[in-house]
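Structural overview for review
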Amino acid sequence: MTTHHAITIVGAGLGGLTLARVLHVHGIEAAVYDLDASPAARTQGGMLDIHDDSGQVALRAAGLHERFRTLVHPGGEAMRVLDKDAVVRMEETDGDRGERPEIDRGDLRDLLLGALPEGTVRWGAKVTGARPLDGGRHEVTLADGTVLTTDLLVGADGAWSRIRSLVSDAQPAYTGVSFVEADLEDADLRHPVSAEVVGGGMLFALGAGRGFLAHRETDGSLHVYAAVEAPEEWLDGIDFSDTEAAKARVVEHFADWDKSLRALVADADGALVPRRIHALPVGHRWERVPGVTLLGDAAHLMSPFAGEGANLALLDGAELALALAAHPADSEKALAVYEEKMFRRSETSAAESAASGAMLFRADAPQGLLDMFGGGAEGEGA
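All figures in this text were calculated on a predicted structure; none of them were measured in a lab.

Re the overall build of the protein
Looking only at helices and strands, one finds 12 helices and 16 strands in the protein. Computed over C-alpha atoms, the radius of gyration of the protein comes to 21 Å, within 12% of the 21 Å expected from 2.2 N^0.38 for 382 residues, which places it in the range of a compact globule. Reported as C-alpha extents along the three principal axes, the dimensions of the protein are approximately 65 × 45 × 35 Å. When burial is assessed residue by residue, the protein has 54% of its 382 residues classed as buried. Sequence-distant contacts in the protein: of pairs separated by 6 or more residues, those separated by 24 or more amount to 72%. For the protein, the accessible surface area stands at approximately 16100 Å², while carbon and sulfur atoms represent 49% of it.

Printed below as a string of structure tokens:
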């Protein structure tokens with residue numbers, strides 16, 4: 001017998017979980033399907049700064065803001081801007097403003113998961129297809145052959161969403177920037193020079209066409225992104241199964257950079273992780289399709305250079321839930337209200353992200369970032 005849900009959410013990332021949680025707060029049940037075998041199937045990434053006008057708004061709607069504050073990384077809002085010679089061009093301490101507190105992505109996901117009724121998330125459920133039925137309903141097929149139907153289908157399944165094709169032909173495109181991620185464990189003890197370079201929060205070390213972005217995590221490690229403007233196939237030419245050789249190939253692109261910056265990759269613990277940065281077209285939107293919508297990266301994947309992706313996913317989830325709660329007898333009205341606001345804000349943020357990516361790595365970097373923050377002199381605060 002085919003399983004039927006009133007609301008089906010595909011993807012147990014931050015946006016999908018926020019949607020399920022805020023629906024639960026309003027007494028509305030939803031089923032979440034995720035391809036991971038369990039919540040611990042893979043690491044959840046590094047630190048997130050949660051904005052007071054988006055991500056924190058969502059957490060308040062979820063009734064989780066006070067618990068979120070207990071998980072914030074003390075000192076995480078500190079920031080340093082260096083040039084390729086490791087000269088500190090700007091330094092900002094964590095003033096405890098609370099506007100963009102840092103939290104480990106895994107901790108935030110666990111907070112959301114723990115606030116849902118047991119069994120809300122169906123793990124190990126990979127969606128392989130979805131098709132419209134009559135009356136705005138949809139049929140969803142899983143990899144194991146399971147078929148389910150739903151009155152409302154929400155694609156919260158990220159950059160390569162399986163649900164997106166129901167509303168849009170758009171596909172993510174390579175932005176021209178690739179990342180190589182690295183970790184330095186127990187940094188204060190094992191990597192004291194790198195720990196000092198990164199500082200207590202976020203590091204931007206920038207030059208023409210490349211840079212190091214790094215942050216200190218709550219476990220005392222450093223998470224590093226070596227960013228390079230490069231052709232899409234650049235990473236294919238690096239054998240990441242040979243970590244030492246991969247390090248050497250990446251560091252080659254920073255040959256004239258200060259040794260302390262090159263060490264952020266050269267001294268890394270464990271394997272390096274390659275990532276191409278993709279984005280959907282700025283202003284991506286679709287005509288209203290009955291019974292289905294998208295949120296987060298599925299709807300508006302953008303580069304990470306404005307720090308908006310996770311925050312928008314959280315806010316999307318909360319606002320969709322609130323719209324559904326406000327229009328219990330008219331889900332189409334709820335979806336129209338949600339999408340109108342989501343399209344506007346995501347277009348603004350996507351444009352900002354694209355502009356920030358171009359600014360960070362321009363020929364006179366890090367001057368663009370210094371201008372944005374109003375700094376410029378060595379050690380000057382913003």
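The structure having been displayed, the exposition proceeds.
Points about the confidence of the model for the protein
Per-residue confidence for the protein averages 93 on the pLDDT scale, and 95% of its residues sit at or above 70. The low-confidence segment residues 375–382, where pLDDT is below 50, has 22 contacts with residues more than four positions distant or belonging to other chains.

Examining the nonpolar core
Membership of the largest hydrophobic core comes to 60 residues, with the highest contact counts inside it found for Ile-9, Leu-19, Ile-50, Leu-108, Ile-163 and Leu-320. With seven residues, helix H10 (residues 309–326) is the largest single contributor of residues to this core. Residue contacts for Ile-50: discarding those within four places in its chain leaves Gly-55, Gln-56, Leu-59, Phe-68, Glu-99, Arg-100, Pro-101, Ile-103, Leu-108, Asn-311 and Leu-314. Membership of the second largest hydrophobic core comes to 33 residues, among which are Ala-195, Val-198, Val-224 and Val-251.

About the cut-offs
Numbers given for residues are sequential positions, taken from 1 along each chain in its written order. For this predicted model, a pLDDT threshold of at least 70 governs which residues receive local features, and a threshold of 80 or more governs which side-chain atom pairs are given and counted, while totals over whole chains, interfaces and linings are taken from all residues. Side-chain numbers here rest on the full set of heavy atoms in the structure, without hydrogens or water. Helix and strand definitions here come from DSSP, where helices need a minimum of 4 consecutive H or I residues and strands a minimum of 2 consecutive E residues; each element is numbered from the N-terminal end. Every radius of gyration here is taken over C-alpha atoms, with the globule rule written as 2.2 Å times N^0.38, N being the number of residues. Note on classification: 1.4 Å probe, protein chains only; a residue is buried when its accessible area is under 20% of the maximum for its type, exposed when over 50%, partly exposed between these limits. The contact rule is simple, with two residues in contact once any of their heavy atoms fall within 4.5 Å. Surface accessibility follows the Shrake-Rupley procedure with a 1.4 Å probe radius. Residue values consider only the protein chains on display as shielding. A residue's pLDDT is the predictor's confidence in that residue, given on a scale from 0 to 100. By nonpolar core is meant a set of buried Ala, Val, Leu, Ile, Met, Phe, Trp, Tyr and Cys residues that side-chain atoms within 4.5 Å join together.

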